[in-house]
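Given next are the chains, with one letter for each unit.
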Amino acid sequence: MPSGPHHPTEAARLVVLVSGSGTNLQALLDAAAAPSFGAAIVAVGADRDGIEGLARAERAGIPVFVERVGDHATRDEWDEALAGKIAAYKPDLVVSAGFMKILGRRVLGSFPVVNTHPALLPSFPGAHAVRDALAYGVRVTGCTVHLVDAGVDTGPVIAQEAVAVRDGDDEDTLHERIKTVERRLLVEIVGRMAREGWTVSGRRVRLGRA
Ligand code: GAR
C-alpha cells in the first residue's frame, strides 16, 4: 500500500468523492481554506448528479466530475473511467466522504484512499451502519477513519472515536451526533496525513514520518 505524501513544502492535492449531502466535504473545504492545513481540494467527484455535495464544491469554485455506474457495461469499466477522472487531478490522496460505492481495483491501485465510516469498525460495515448499530442495541458506537482496501470497510484503521447511544435515539438523531464527531476527526486526520505523511505496517497505520 502506498504511503505519503512526502513533499511537505507544497499543499497535498486531495480529490474528495461524495454521494450525498457532503457535510464532511464541507468540513474539509472549510479547513483547507487555511494554508496551514497543508492540503488543497483540487476536485470533487460523485457517482450521481444533483446532490448537495456537488453543489458545495461548485459554490467553492472547485471542479467537479460525475461517473455513474449505470453508464458503463461493467463495474470494471466504471472503475477504469473513475480512475481516469481522478488521475486527471493528480491527487496525493483520495478522500471517500460519504461515497456510497465500493471502489474497484484500478482506483485503489492508483491512489491511496481514506474513508470515513459512521461506526466503530469492524462492527457494522456497509451502507447502513447507524441503523445496524441501533438494531443491535449497542450502547456505544462512533466513527472510523480508515484506509480503503478491496473489502467492504475492511482497510487498516487510522483513527476512531466513540459516540454514546442515547435512549430514544433514532437513526437520524444518532447519525447527526456521529457526524458532528466524524467531521472533526476526518479533518484532523486528513490534515495530519497531508502534513506528516503516514506509514502502513500490516494493519497498523502510523501518522508521521518513520
Ligand atoms: C457519513 O456519516 C459517512 O460516514 C457515511 O455517509 C455520511 C455522509 O455524510 N458513509 C457511509 O455510510 C459509507 N459506508 P455527508 O454526505 O454529510 O458527508
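Just so it is clear, the model here is predicted, and its values are computed rather than measured.

Reading the values: the criteria
Residues numbered from 1 in each chain as written. Predicted model: local features only at pLDDT ≥ 70, side-chain atom pairs only at ≥ 80, totals over all residues. Heavy atoms only, no water. UniProt positions renumbered as here; feature names shortened; annotations may be inferred. Helix = DSSP H or I, 4+ residues; strand = E, 2+ residues; numbered from the N terminus. Buried < 20%, exposed > 50% of the residue type's maximum accessible area, 1.4 Å probe, protein only. Contact = heavy atoms within 4.5 Å. Polar contact = N/O pair within 3.5 Å; in protein donor to acceptor, adjacent residues only side chain to side chain. Salt bridge = Lys/Arg side-chain N within 4 Å of Asp/Glu carboxyl O. Axes fitted to C-alpha atoms, helices over the stretch in contact; angles between N-to-C directions. Parallel < 35°, antiparallel > 145°, perpendicular 65-115°, else oblique. Left-handed = near helix turned anticlockwise from the far one by under 90°. Nonpolar A, V, L, I, M, F, W, Y, C, P; charged D, E, K, R; others polar. Near = heavy atom within 4 Å. Areas by Shrake-Rupley, 256 points an atom, 1.4 Å probe, with all protein chains shown as cover. Phe/Tyr/Trp six-rings, centres within 6.5 Å; stacked < 30°, edge-to-face > 60°.

## Some words on the UniProt feature "site: Raises pKa of active site His" (unreviewed entry) in the protein chain
Thinking step 1. The UniProt record marks Asp153 with the feature "site: Raises pKa of active site His" (unreviewed entry), using the residue numbering of this structure.
Thinking step 2. Inspection of the secondary structure puts Asp153 in the loop between strand 6 (140-147) and strand 7 (157-164).
Thinking step 3. Taking relative accessible area as the criterion, Asp153 reaches 16% and is therefore assigned buried.
Thinking step 4. Once residues within four sequence positions are removed from consideration, Asp153 is found in contact with Asn115, His117, Leu121, Pro125, Gly126 and His146.
Thinking step 5. In this structure the side chain of Asp153 is engaged in a polar contact, spanning 3.4 Å, whose partner is the side chain of His117.

## Overview of the pattern of salt bridges
Thinking step 1. Under the defined criterion, the tally for this structure stands at 13 salt bridges.
Thinking step 2. Among the ionic pairs, Arg105 bridges to Asp76, the shortest N-O distance being 3.8 Å. Of this pair, Arg105 sits in helix 4 (residues 105-110) while Asp76 is found in helix 3 (residues 75-87), placing the two residues 29 residues apart along the sequence.
Thinking step 3. One network of salt bridges, with partners in common, ties together Asp47, Arg48 and Lys101.

## Thoughts on helix 1 (residues 23-32)
Thinking step 1. Taken across its 10 residues, helix 1 has 8 buried, putting it largely inside the fold.
Thinking step 2. Along helix 1, the residues that are buried comprise Thr23, Asn24, Leu25, Ala27, Leu28, Leu29, Ala31 and Ala32.
Thinking step 3. The secondary structure elements touched by the buried residues of helix 1 are strand 1 (12-18), strand 2 (39-46), helix 2 (52-59), strand 4 (93-96), strand 5 (113-117) and helix 6 (171-196).

## Regarding the packing of helix 1 against helix 6
Each packed pair of helices is defined by two parameters, the angle between the axes and the distance between the axes.
Thinking step 1. One can describe the packing of helix 1 onto helix 6 by two numbers: an axis separation of 9 Å at closest approach and a directional angle of 45°. The pairing of helix 1 with helix 6 is recorded here as oblique in orientation. In the packing of helix 1 onto helix 6, the handedness of the crossing is right-handed. Across the interface between the two elements, Thr23, Asn24, Ala27, Leu28 and Ala31 of helix 1 pack against Lys179, Glu182, Arg183, Leu186, Val187 and Val190 of helix 6.
Thinking step 2. Its residues assigned to classes, the contact of helix 1 with helix 6 comprises 6 nonpolar, 2 polar and 3 charged.

## Side note on the site of the ligand
Thinking step 1. Around the ligand, the structure places 14 residues, and the nearest of them are Ser21, Gly22, Thr23, His175 and Glu182.
Thinking step 2. Measuring from an oxygen atom of the ligand, one finds a side-chain N or O atom of Ser21 at 2.6 Å.
Thinking step 3. Within the complex, 92% of the 450 Å² of free accessible area of the ligand lies under protein.
Thinking step 4. When contributions to the shell around the ligand are tallied by element, the ones reaching two or more residues are helix 1, strand 5 and helix 6.

## Considering the packing of aromatic side chains
Thinking step 1. Considering all chains together, one arrives at 3 aromatic pairs under this definition.
Thinking step 2. Ring centres 5.9 Å apart and planes at 15° place the aromatic pair Phe65 and Tyr89 in the stacked group. Residue Phe65 is found in strand 3 (residues 64-66), and its partner Tyr89 is found in the loop between helix 3 and strand 4; the two are separated by 24 residues along the sequence.
Thinking step 3. The class for Tyr89 is partly exposed, based on a relative accessible area of 21%.

## Notes on the UniProt feature "domain: Formyl transferase N-terminal" (unreviewed entry) in the protein chain
Thinking step 1. Mapped onto this structure's residue numbering, the UniProt feature "domain: Formyl transferase N-terminal" (unreviewed entry) falls at residues 13-189.
Thinking step 2. With 36% helix and 24% strand, residues 13-189 has its two end C-alpha atoms placed 15 Å apart.

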